[in-house]
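Okay, here's what each chain looks like letter by letter:
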Amino acid sequence: MSPSSAAPHEEAALVAGAPVSATLEKSSPPQLSRLATDATSLRHTMLDGLKKVLGNPYDAKTNVNGILNLGTAENHLMFPELLEKFNSDAIRKVSPSMLTYGTMYGSDHLRGNLQTRDAEARSRESSRVGSESKRGVLLIGDHPLRSSNALLKARLFNTYLKPAKDVTADNITVHAGCGATLSNVAQALTNPGEGILIPCPFYGGFEFDLTMYAQAKLIHVQTKSTDEFLVTVDALETAFKIAEDEGTHVSALLLTNPGNPLGLALSPSTLLPLLQWAKRRNLHVISDEIYALSTFSESNPFVSVLSMPDLPDPDRTHVVWSFSKDFGSNGIRVGVFVSRNEPLLKAMHMFAVVTNASSLADGATANLLDDQKWVAWYVKENHKRMRSQCERITVELRGMEIPFLQPDSAFFLFMDLSRYAKKIEAAHEGPAGEAWRTLWYKLLDAGVYILPGEAFSCSEPGWYRIVFTVPWERISLGLERLKKVLASI
């Protein structure tokens, strides 16, 4: 090799008279950190299936044989109206403040629009004295959105979550999506290796949100389909004792209400014993209420833990929420944390420095909430369309004689295809003990993507989650493909 043909670092080595191989060895990249190594080794069924979908997505015009995505929890039913609203001048307006750092934990405009109406007086006073001095919170830049006028706007939580005690802007921090919010909460409440109790089945993304940075240990709480997978105090106590006996200190309980993948809201009579038990065990409770405004059944209305007048441990009960689901905007990435715990809020403020929502997303969502009349119409119309879609798909599934849990919330339902998995197992088709995966691959090969219960740590094989909040034409075609696969088994 001549110096002229060598790479720059090799050429420098030749000039210095050092062997190229030795120089290359010294300049090789350092080893990744343990955290990075652990992160890159994470694998999940949900991501495996999504990779296949993204590689061959269905399109009615350009790829009719592609894979229909009935697995990703997105609500497309209000897309036309949401696009019109987000593209309107009232939402898109960009102010000079949006080009600054602003408050790193959510503008007063947005947090004010989330707080309760009864908190207005205190919030106005807070703006006058300057909340820059509160709790030693970091503020960067002068943010005009921190004005008392902004605090007179819509009060989303007051209207829909109906808290028993008013929520102020000071109880709220804003982060870049619910995943980042949960990651921050986990880092604040647990040390690496400590446990978070989580009833099964649960949203598979929690395995990333709670473990990637916080390195918390998820303690699975087992449930049964015969009880609609509802968690009980006995199940919590059993899981807690096993974890403690194995040397894992448990710090928190994570509840999802309404549930994913179950599509069911928890009643107050179900919630209260769980919260009372957590207090007895000195645990924090994280209530993930990301589908709070997506309960479409009047027979089982959603009840937030914030609305419970007899909340057992207010200081250790916290809520996370996001615009992703209830406002059909997964990509906007605005997550919300609500708590009355001062030390925890101080920590969340600091974590928000590296997980803050962008000023544009903050401003757009705050501007959207300004229009209280539109928000009220949107929530009502969204419920109507979700209810209609749910009714249509349940009629189809009954016709196919597929058992399922009747949902009252969220974008999906949980159906039981175990009898087909058992047929696959009896035929010795595919790896032993993985008939659910063989069935799932058959569905993917046939062009329909739904998620198996294993993606949600469901202990009973053969359950699958199917999303119904996409255009009906896609659902109808997906069900046709599902029917063909099942008929072939």
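For the structure itself, look to the data block above.
Residues numbered from 1 in each chain as written. Predicted model: local features only at pLDDT ≥ 70, side-chain atom pairs only at ≥ 80, totals over all residues. Heavy atoms only, no water.

1. Here's the deal with the pairing of strand 14 (residues 463-467)
Counting buried positions along strand 14 gives 5 out of 5 residues, so the element sits mostly inside the fold. Residue alternation in strand 14 divides its side chains into two sets, Trp463, Arg465 and Val467 and Tyr464 and Ile466, and both sets are buried. Relative to strand 14, strand 11 (residues 412-416) runs antiparallel, the two sharing 5 bridges. Bridging across to strand 14, aspartate 416 finds its partner in tryptophan 463. Note: strand 13 (residues 451-452) against strand 14, 2 bridges, orientation antiparallel. For leucine 451, the partnering residue across the bridge sits in strand 14 and is arginine 465. (Buried < 20%, exposed > 50% of the residue type's maximum accessible area, 1.4 Å probe, protein only. Helix = DSSP H or I, 4+ residues; strand = E, 2+ residues; numbered from the N terminus. Pairing = 2+ DSSP bridges.)

2. Topic: helix 5 (residues 79-86)
Residues Glu81, Leu82, Lys85 and Phe86 constitute the buried set of helix 5. One side of helix 5 carries all its buried residues, which in axial view fall inside an arc of 125°. Exposed residues lying more than 90 degrees from the buried face of helix 5 are Pro80, Leu83 and Glu84. Each element contacted by the buried residues of helix 5 is listed here: helix 6 (89-92), helix 16 (359-370) and helix 17 (372-399). (Arc of directions from axis to C-beta. Contact = heavy atoms within 4.5 Å.)

3. Notes on the sheet that holds strand 5 (residues 195-199)
A sheet is described by the order of its strands in space; here 7 strands give the open sequence 4-10-9-8-7-5-6, paired in mixed fashion. Bordering the open sheet on either side are strand 4 (172-175) and strand 6 (217-221), each of which pairs with just one other strand. Each strand of the sheet is rotated relative to its neighbour by a mean of 25°, with strand direction disregarded. Across 4 bridges, the pairing between strand 4 and strand 10 (residues 335-338) is antiparallel. Looking at the pairing, histidine 175 lines up with glycine 335 of strand 10. Here helix 10 (residues 178-189) sits on the sheet and contacts strand 4, strand 5, strand 7 (250-256), strand 8 (284-288), strand 9 (317-322) and strand 10; the angle it forms with strand 9, its principal contact strand, is near 160°. (Axes fitted to C-alpha atoms, helices over the stretch in contact; angles between N-to-C directions.)

4. Here's the deal with empty space enclosed by the protein
With a probe scaled to a water molecule rolled over the atoms, the places where space remains empty come into view. A complete count under the given rule lists 3 cavities of 30 Å³ or more for this structure. Within this model, the largest cavity holds a volume of roughly 210 Å³. As for the largest cavity, its lining consists of 17 residues, and the residues nearest its centre are Pro199, Pro201, Thr256, Leu262 and Leu266. Elements with a contribution of two residues or more to the lining of the largest cavity: strand 5 and strand 7. Counting residues per element, the lining of the largest cavity draws most heavily on strand 7, which supplies 3 residues. (1 Å grid on protein atoms, 1.4 Å probe; cavity = no way out; pocket = protein on both sides within 12 Å on 5 of 7 lines; lining within 4 Å. Points joined across faces, edges and corners; volume = space filled by probe spheres on them.)

5. Regarding the environment of tryptophan 436
Turning to its location among the elements, tryptophan 436 is positioned in helix 19 (residues 435-445). By relative accessible area, tryptophan 436 is classed as buried at 7%. Taking the C-alpha atoms as reference points, tryptophan 436 and lysine 422, 14 residues apart in sequence, are found 8.6 Å from one another. In this structure, tryptophan 436 is in contact with Thr45, Ala421, Pro452, Glu454, Gly462 and Tyr464, ignoring residues within four places of it in sequence.

6. Points about the sheet that holds strand 14
Two strands in a sheet stick together by hydrogen bonds in their backbones, pointing the same way (parallel) or opposite ways (antiparallel). A sheet is described by the order of its strands in space; here 3 strands give the open sequence 11-14-13, paired in antiparallel fashion. Bordering the open sheet on either side are strand 11 and strand 13, each of which pairs with just one other strand.

7. What about the layout of surface pockets?
Of the pockets and cavities examined, the largest pocket occupies roughly 740 Å³. Taken together, the elements giving at least two residues each to the lining of the largest pocket come down to helix 4 (45-55), helix 10, helix 11 (206-209) and helix 14 (323-326). Counting residues per element, the lining of the largest pocket draws most heavily on helix 10, which supplies 5 residues. Classifying every residue of the lining of the largest pocket gives 16 nonpolar, 9 polar and 6 charged. There are two domains that each give the lining of the largest pocket at least three residues, and those are domain 1 (43-78 + 376-488) and domain 2 (93-116 + 151-371). (Nonpolar A, V, L, I, M, F, W, Y, C, P; charged D, E, K, R; others polar. Domains from an automatic or database assignment.)

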